[in-house]
Each structure stands twice: as C-alpha cells, then as structure tokens.
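Survey of secondary and tertiary structure
Spelled out, the chains give:
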Amino acid sequence: MDDSLLKSIAGKYGTPLYVYDGDLVLERCRQFKNAFKGFPVKVKFCYAVKANTSLAILKLIQNQGFGADVVSAGELDAALNAGFKPSDIIYTSNSKSDEDIKAAVKAKINITIDNAAEIEAVEKAGGRKVAFRVNPDVDAKTHPKVSTALSGSKFGLHFTNDIAFNAVKKAVQAGLQPVGIHCHIGSNIKDATAFTEAAGKMMDFAVRLKKELDIKLDFIDFGGGLGVQYKDEIAFTPEQFAGAYKSAVAEGVKKLGYAPEAWFEPGRFIVAEAGIVLAKVNNVKETPAKKFVNVDCGFNVLVRPAMYDAYHKVGVVGKNGEQETYDIAGYLCESGDILAKDRALPKVVKGDLIKIQNAGAYGFSMASNYNSQPLPAEVLVKGGKAHLIRKRQTIKDLYERQLTHSDL
Ligand code: LLP
C-alpha cells in the first residue's frame with residue numbers, strides 16, 4: 001500500500017491501526033484456488049477463521065467461494081454472520097464443551113471428533129455425521145509452538161496404538177456416520193515433504209477404514225499450514241503446496257476405489273501479507289546499548305514477535321534509506337515487548353509513523369487489552385478506497401462488563 005495513502009488513513013483513524021489491502025486478500029484467494037486446477041479429486045477450501053476473524057475480511061473470502069474452519073462458538077457465529085453456508089463450515093477444536101458441540105450440531109456444520117470422549121456428547125446432542133481429527137505424527141519442521149502433529153501434541157486422535165481407528169469404530173458402534181477425516185500438521189510451513197508425508201498417511205488411513213470398516217468418506221481434510229515470506233526465506237508457493245499433495249492423493253484414490261473430496265484450510269496465506277500495523281513514534285530513546293523507537297502499541301496489538309520470536313519487516317512511512325539501527329519498542333511494561341530488533345531504518349523522529357508488515361494473519365485476532373490498552377481500529381482498503389471495518393475500542397469499553405461492589 002502506498003505510503004501517502006497510509007499516512008492519510010492514519011491521520012483520519014488514528015493509531016495504532018490495522019490496515020488491510022482487500023484486493024490482495026482477493027488475489028491470494030484466487031491464487032490458492034488456481035493452484036489446485038487439475039487436482040485429482042474435487043477440492044474445497046475452508047479458510048481458517050482464526051487467522052483474521054474480522055467480518056469484512058470474512059465476507060471477502062466467502063465471496064470467493066471459500067468455506068470456513070472454526071474453533072469456537074464465537075468463530076462459528078462470525079462465519080455464519082459473514083454468510084458461509086453451514087455445510088461449508090468445519091469445527092476443529094481439541095477441547096469442546098458439551099454446549100459447543102450442541103451449538104455445532106444445531107448449526108448443522110461439520111464437526112470433528114478430536115477425542116473418543118466427544119462421541120457421546122455428539123450423540124447426545126443429536127448429531128449423526130462426524131469427521132475425525134487425527135494426528136499423523138509428522139514433523140512439520142516449523143516453530144515448535146505451531147507444530148501440531150508431533151507425537152506429544154494435544155491435537156487429534158493419534159494413529160499410534162490405533163487410537164484413531166478405535167475411535168472411528170466406537171463412533172460407528174454408537175450409530176454415528178463417519179463422513180470425513182481431518183488433520184492439520186502445523187503452521188507457517190515452507191517444506192513440501194511434511195505435507196506429502198501427512199497426505200500419504202491420511203490416504204492410508206482412509207484405505208484402512210474402507211477395508212476394515214467398509215467406510216466411504218465424503219472428504220479428507222488436510223488442514224492448512226502454507227507459510228509466507230516474513231524475512232528473506234525462500235518462498236513456498238500455493239502451487240508447491242498443491243503439488244505436495246497431488247500424487248499422494250491420486251495414488252490413494254486408486255487404492256481406495258472411490259474419490260473423497262480433498263479439503264484444505266489455508267489461513268495465513270490468505271491474509272498475512274495484506275495486513276499492516278501502523279504505529280506512531282512517541283519518542284526515540286538512546287541507552288548505552290541501543291536506540292529504541294518507542295511506539296504507541298506493543299504485543300497487545302501484535303503478539304507474534306513476543307510469542308514466536310517472529311520477524312516482521314518494518315519501515316518508516318514516507319521515509320527511505322538506512323541510517324541508524326533501532327529496536328522498535330512497544331509501550332507495555334515487559335522487557336519482551338520489542339516488536340522488531342536491530343533494524344536499519346531512516347532517521348526516526350517523534351511523530352513518525354512506523355509500519356509493521358505482514359501482520360494480517362494472527363495479528364488483530366490475537367490482540368489483547370493488556371496494560372488496559374483498548375483494541376485498535378481496523379481499516380480495509382479496496383479499489384484505493386479506505387473503509388473503517390472496526391471502530392477503535394475506548395477506555396470506557398474496558399469497564400463495560402466489570403462490576404464494582406460498593407460493599408466489598
Ligand atoms: N486448520 C487448523 C485446524 C488450524 O489449527 C490452523 C491454524 C489452520 C487450519 C490454519 O493454518 P495456517 O494456514 O494459517 O498456517 N498464531 C500462530 C499460528 C497458529 C496457527 C494455529 N492453527 C502464528 O501467529 O504464527
């Protein structure tokens with residue numbers, strides 16, 4: 001997005017602010033779909049709502065023919081609100097309350113069983129068709145905090161010790177109808193081999209279900225995980241992502257003798273690069289060790305650097321060149337609240353605008369009110385026009401649901 005546009009948007013809506021390029025979101029949706037042209041079976045794409053849950057963004061993605069992957073009653077409500085059809089929504093949390101399960105059954109969405117104990121709750125809620133989230137024990141070679149299919153992971157029904165197989169068997173005995181299997185091996189993956197390994201294991205499991213339990217699945221959901229470039233990593237493209245699955249799925253279908261649909265759940269790839277955080281420089285502080293740019297946001301606005309040591313490119317709006325090395329420091333009372341470390345930037349002064357790039361995924365959706373900081377506003381730019389899509393929270397909002405008892 002053009003710096004002069006960013007400047008005028010920040011002038012109008014204030015900082016800290018999330019700004020999204022809606023045209024880029026649409027472009028990423030199209031790119032993802034195109035990469036699957038010629039895929040051996042019918043495909044469905046369920047956008048992982050957790051990456052960016054803002055309704056205006058969800059609507060853009062829904063309009064591109066995507067379904068939705070949700071993990072809570074809140075995300076389910078957002079997806080329904082944005083117009084996703086229940087049959088295009090899949091619910092994949094590892095820990096669902098009986099109420100969550102009831103809400104999912106009532107909404108007639110696809111539900112994944114993550115643990116044999118959920119079978120009874122689905123049955124009680126009157127559910128019949130179920131999918132199973134399995135854990136294929138694949139090392140996705142990504143950050144340990146976003147690796148989800150290792151043997152020690154909390155997610156899914158492990159293949160080990162026949163846990164997954166026995167859960168499917170138990171569900172059949174309980175009168176449920178298995179219609180799908182699901183896995184998600186991790187996030188921000190830039191290596192095809194892990195996806196291919198997972199694909200092979202999923203197809204083999206489907207073959208076993210057919211042979212031993214005579215189950216024909218409607219779909220196999222391979223999850224998301226396609227990484228994006230944050231720094232100078234080698235790009236991993238949607239074509240490579242689709243390619244990683246293609247032969248394993250084709251071979252599996254031959255062994256199966258029927259063709260279940262293949263579902264995918266991209267989150268980050270669709271929205272990461274479309275989002276920027278704009279923050280204002282409160283002042284520049286020099287210490288014996290460092291020059292800090294103190295900005296008006298912190299990990300309450302973008303937690304990825306603090307939580308995953310994630311690298312986000314930063315720039316100074318309207319300025320070029322590299323003259324000084326700075327850390328971009330957040331305003332929270334935590335030493336770990338550093339948004340970017342040792343960055344060469346043009347000379348920064350009070351009042352400058354810092355842009356933090358690739359913040360569209362797991363940015364606002366992970367924001368918090370830590371240190372009593374209100375949540376930022378969000379603006380969506382489409383066709384060169386800026387639209388406010390979420391109003392800034394106010395300090396008053398922070399008190400709204402609190403109760404003070406005068407007698408305490
Ligand atoms: N499907 C399931 C079941 C998931 O749990 C996730 C992400 C996705 C799909 C989408 O994965 P993606 O395509 O976005 O990689 N907060 C972390 C990422 C956590 C991902 C959680 N699950 C971060 O900021 O890196």
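Residues numbered from 1 in each chain as written. Predicted model: local features only at pLDDT ≥ 70, side-chain atom pairs only at ≥ 80, totals over all residues. Heavy atoms only, no water.

**Remarks on the overall build of the protein**
Our working definition: Put simply, DSSP H or I for four residues or longer makes a helix, DSSP E for two residues or longer makes a strand, and each gets a number counted from the N terminus. Taken over C-alpha atoms, the radius of gyration is set against a globule rule of 2.2 Å times the number of residues to the power 0.38. Relative accessibility decides the category of a residue: with a 1.4 Å probe and only protein chains considered, values under 20% of the type maximum give buried, values over 50% give exposed, and everything between is partly exposed. Every residue pair with non-hydrogen atoms within 4.5 Å of one another is taken to be in contact. Using a 1.4 Å probe, accessible areas were evaluated by the Shrake-Rupley method; residue-level cover was limited to the displayed protein chains.
Along its length, the protein carries 12 helices and 18 strands. The C-alpha atoms of the protein give a radius of gyration of 23 Å, which matches the 22 Å a tight globule of 408 residues would have. A principal-axis box enclosing the C-alpha atoms of the protein has dimensions of 70 × 60 × 40 Å. Across the 408 residues that make up the protein, the buried fraction comes to 53%. By sequence separation, contacts in the protein at least 24 residues apart represent 69% of the contacts at least 6 residues apart. For the protein, the accessible surface area stands at approximately 18300 Å², while carbon and sulfur atoms represent 49% of it.

**Details of the site of the ligand**
For clarity, the threshold we go by: Proximity is defined per residue: any heavy atom of the residue falling within 4 Å of a molecule or strand makes that residue near it. A 3.5 Å cut-off defines polar contacts: any pair of N or O atoms within that distance qualifies, except that in protein one atom must be a possible hydrogen donor and the other a possible acceptor, and neighbouring residues in sequence count only when both atoms are side-chain atoms. Domain borders in the structure are assigned automatically or taken from a domain database.
Surrounding the ligand, one finds 20 residues, the nearest of these being S187, E265, R304, Y308 and Y362. Within the side chain of E265, a nitrogen or oxygen atom sits 2.6 Å from a nitrogen atom of the ligand. Here an oxygen atom of the ligand sits 2.9 Å away from a polar atom, N or O, in the main chain of G267. Protein coverage of the free-state accessible area of the ligand, which is 590 Å², stands at 92%. Lining the shell around the ligand are residues from two domains, each supplying at least three of them: domain 1 (3-17 + 272-391) and domain 2 (92-266).

**Some thoughts on the packing of aromatic side chains**
Condition: Working definition: a ring pair exists when centres of Phe, Tyr or Trp rings (six-membered ring for Trp) sit within 6.5 Å. Plane angles under 30 degrees give stacked, over 60 give edge-to-face, the rest tilted. A positively charged side chain is recorded as over a ring if its NZ (Lys) or CZ (Arg) lies within 6 Å of the ring centre. The angle to the ring normal must also be within 35 degrees.
This model, assessed by the stated rule, comprises 23 aromatic pairs. For the ring pair F45 and F66, a centre distance of 5.7 Å and an interplane angle of 40° mean the geometry is tilted. Of this pair, F45 sits in strand β2 (residues 43-48) while F66 sits in the loop between α3 (55-63) and β3 (67-70), placing them 21 residues apart in sequence. There is no split in this pair, since F45 and F66 are both buried. Here the aromatic rings of F222 and Y245 are separated by 5.0 Å at their centres, their planes lie at 50°, and the arrangement is tilted. Of the two residues, F222 is situated in the loop between β9 (219-221) and α9 (238-256) and Y245 in helix α9; the sequence distance between them amounts to 23 residues. Side by side, F222 and Y245 carry an identical accessibility label, which is buried. In textbook terms, an aromatic cluster arises when at least three aromatic residues are bridged by ring pairs, as seen for F32, F36, F39, F45, F66, F195, F222, F236, F241, Y245, F264 and F269. Geometry around F165 places R208 over its ring, the cationic atom sitting 3.8 Å from the centre.

**Thoughts on the domain arrangement of the protein**
In plain terms, the rule: Throughout, buried area stands for the accessible area (probe radius 1.4 Å) lost by two parts on being put together, summed over both. Any Lys or Arg side-chain nitrogen located within 4 Å of an Asp or Glu carboxyl oxygen qualifies as a salt bridge. Nonpolar residues are Ala, Val, Leu, Ile, Met, Phe, Trp, Tyr, Cys and Pro. Charged residues are Asp, Glu, Lys and Arg, and all others, Gly as well, are polar.
Each domain of the protein was delimited in the assignment, giving domain 1 (3-17 + 272-391) and domain 2 (92-266). Its C-alpha centre places domain 1 at a distance of 36 Å from the equivalent point of domain 2. Contacts between the two partners involve 10 residues from domain 1 and, on the opposite side, 8 residues from domain 2. Taking both partners together, domain 1 and domain 2 bury about 840 Å²; carbon and sulfur atoms supply 54% of that area. Three residues stand out in domain 1 for area buried against domain 2, namely Y308, Y311 and N358, and they jointly supply 51% of the buried area on that side. Inspection of the region where domain 1 meets domain 2 yields 0 salt bridges. At the surface where domain 1 touches domain 2, the tally comes to 4 residue pairs in polar contact (both at pLDDT 80 or more). A per-class count over the side of domain 1 that touches domain 2 returns 5 nonpolar, 2 polar and 3 charged.

**Considerations on the nonpolar core**
Rules: The criterion is simple. A nonpolar core is a set of buried Ala, Val, Leu, Ile, Met, Phe, Trp, Tyr and Cys residues joined through side-chain atoms within 4.5 Å.
Among the nonpolar cores identified, the biggest contains 114 residues, and F32, I185, F222, F264, I270 and I354 are the most heavily contacted of them. Of all the elements, helix α8 (residues 192-213) adds the most residues to this core, at 10 residues. Those residues in contact with I185 that sit more than four places away from it in its chain are P136, V138, A140, S147, T148, A149, A194, F195 and A198. L6, Y13, L278 and V381 belong to the second-largest nonpolar core, a separate cluster that totals 13 residues.

**Structural notes on the pattern of salt bridges**
Counted under the stated rule, the structure contains 19 salt bridges. Notably, a salt bridge pairs K124 with E120, separated by 3.4 Å at the nearest N-O pair. Of the two residues, K124 and E120 are both situated in helix α6 (residues 118-124); the distance of 4 residues between them amounts to about one turn of the helix. For E324, the salt bridge goes to K291, with nearest N and O atoms at 2.5 Å. Of this pair, E324 sits in strand β14 (residues 324-329) while K291 sits in strand β12 (residues 291-295), placing them 33 residues apart in sequence. On the basis of relative accessibility, which here comes to 24%, the residue K291 falls in the partly exposed class.

**A look at the packing of helix α4 (residues 73-81) against helix α5 (residues 98-107)**
The angle between the axes and the distance between the axes are what describe a pair of packed helices. Condition: Only the stretch in contact is used when fitting a helix axis, every axis being a line fitted to C-alpha atoms; angles between N-to-C directions are given from 0 to 180 degrees. Every angle not falling under 35 degrees, over 145, or within 65 to 115 is termed oblique; those three ranges are roughly parallel, roughly antiparallel and roughly perpendicular. What makes a crossing left-handed is the near helix being turned counterclockwise from the far one by less than a right angle; a clockwise turn instead makes it right-handed.
For the pair α4 and α5, interaxial distance at closest approach is 10 Å and the crossing angle is 20°. Classified by the angle between their axes, α4 and α5 sit roughly parallel to one another. Here α4 runs over α5; the crossing is left-handed. Facing A73, L76 and L80 of α4, the residues of α5 in contact are D100, A103, A104 and A107.

**Observations regarding the pairing of strand β18 (residues 385-390)**
Rules: Whether two strands pair depends on DSSP finding at least two bridges between them.
Summarising the sheet, strand β17 (residues 377-382) and β18 pair through 5 bridges and their orientation is antiparallel. Bridge pairing in β18 links V381 to A386. Counted along the chain from β17 to the antiparallel partner β18, the turn is 2 residues long, and its residue G383 has a positive phi close to 55°.

**Remarks on the environment of C297**
Mapped onto the elements of the fold, C297 is located in the loop between β12 and α11 (304-308). Along the chain, C297 and D397 lie 100 residues apart, while their C-alpha atoms are 18 Å from each other. Here C297 is in contact with P16, V277, A279, A329, G330, Y331 and L339, once residues within four sequence places are set aside.

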